[in-house]
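Below, each chain spelled out in residue letters.
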Amino acid sequence: QGTWQYMSVELLTNPEKAVEVPDDLESFFLVLLYYAIRYLDSNINNVGEYIESFFDSYTFEDGAYTAGHAKSNTMKTGHDLTTKAGVASQKLRFNPPLDRLFNTLLRSFQAAYKIREYDSRPPMPPLSSETASKVAPTTPVKKTLKVEYDVSYFKLQPDVNTYYAPPVQMEEAAPALPTEHERNLAINANNHIQMMMLLMASLQETWSAGEVRDRIPADYKSCHEFGPVV
């Protein structure tokens, strides 16, 4: 295995980015997840396909390689780890202590991504002096959306009994405000000591002894094509 499979989504998305503590800890999490999936009992039916989909796949856009959709969507959204990489399916399960550890770590990195997105949002433009003078500091400002309807906007498609409406340009939704719980979770993804304490707490639990074996068959054949389509 190479090393790019375990790089953080942020590093794979922004190759010029300097490596920081969250990238280091996310890579550690991905390595831990990889070896758990490959060698421990879980409810994944096809481990080889899962590893290819989650760790080995990538996105090729505008002449550049970036993180694969399965890894990116899992690490940066509120999605669970599932039995099919990046696909809504059963929740991935190993044993209770490891499941709790992985769930806490995943939620921590998801919270950290959410906070970074929120904190990096562009600042709101200041109110003009004329507008500011009309709005009292304690007066709540309600935003309303005025919609103008124009039936000529809809066009009847040729030879088809349906109407076509040109796509509407929508403003991108502002990042959601992180909760206090998410900010507490994000500490695990930003601090080595906090991560170590979390791991030590997990080791205090009662772990079931299971058989450790390579769950990828020796005759496994790749089901993915790698490299850009020419």
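Residues numbered from 1 in each chain as written. Predicted model: local features only at pLDDT ≥ 70, side-chain atom pairs only at ≥ 80, totals over all residues. Heavy atoms only, no water.

Engineer: Before we move on, can you summarise the confidence of the model for the protein chain with the specific residues and values?
Structural biologist: Atomic detail in the predicted coordinates should be set aside for any region of low pLDDT. Residue-level pLDDT values for the protein chain average 78, and 69% of them are 70 or greater. When the criterion is pLDDT under 50, residues 139-155 qualifies, and its contacts beyond four places in sequence or with other chains add up to 13 contacts. (pLDDT = per-residue confidence, 0-100. Contact = heavy atoms within 4.5 Å.)

Engineer: Would you mind going over the environment of K114 in detail, with residue names and values included?
Structural biologist: With respect to the helices, strands and loops of the structure, K114 is situated in helix α5 (residues 96-119). Overall, K114 belongs to the partly exposed group, its relative accessible area being 23%. On a C-alpha basis, the gap between K114 and K76 in space is 7.2 Å, while along the polypeptide they are 38 residues apart. Leaving out residues up to four positions away in the same chain, K114 has contacts with A176, L177, P178 and E182. At a separation of 3.0 Å, a polar atom in the side chain of K114 contacts the side chain of E182. (Helix = DSSP H or I, 4+ residues; strand = E, 2+ residues; numbered from the N terminus. Buried < 20%, exposed > 50% of the residue type's maximum accessible area, 1.4 Å probe, protein only. Polar contact = N/O pair within 3.5 Å; in protein donor to acceptor, adjacent residues only side chain to side chain.)

Engineer: Help me get a handle on the nonpolar core, residues and values and all.
Structural biologist: Counting 37 residues, the largest nonpolar core has F29, L33, I37, F54, F55 and L81 as the members making the most contacts within it. Mapped by element, the contributors of at least two residues to this core are α2 (21-39), α3 (47-56), α4 (69-76), α5, α7 (180-186) and α8 (192-203). In contact with L81, not counting residues within four places along its chain, are F29, L33, Y50, F54, T74, Q90, K91, L92, F102 and L106. (Core = buried A, V, L, I, M, F, W, Y, C linked by side-chain atoms within 4.5 Å.)

Engineer: Talk me through the packing of α2 against α8; I want residue IDs and the actual numbers.
Structural biologist: At a closest axis distance of 10 Å, the pairing of α2 and α8 adopts a crossing angle of 25°. Put simply, α2 runs roughly parallel to α8. Contacts between α2 and α8 involve V21, D24, L25 and F28 from the former and H192, M195 and L199 from the latter. By residue class, the composition of the contact of α2 with α8 is five nonpolar, one polar and one charged. (Axes fitted to C-alpha atoms, helices over the stretch in contact; angles between N-to-C directions. Parallel < 35°, antiparallel > 145°, perpendicular 65-115°, else oblique. Nonpolar A, V, L, I, M, F, W, Y, C, P; charged D, E, K, R; others polar.)

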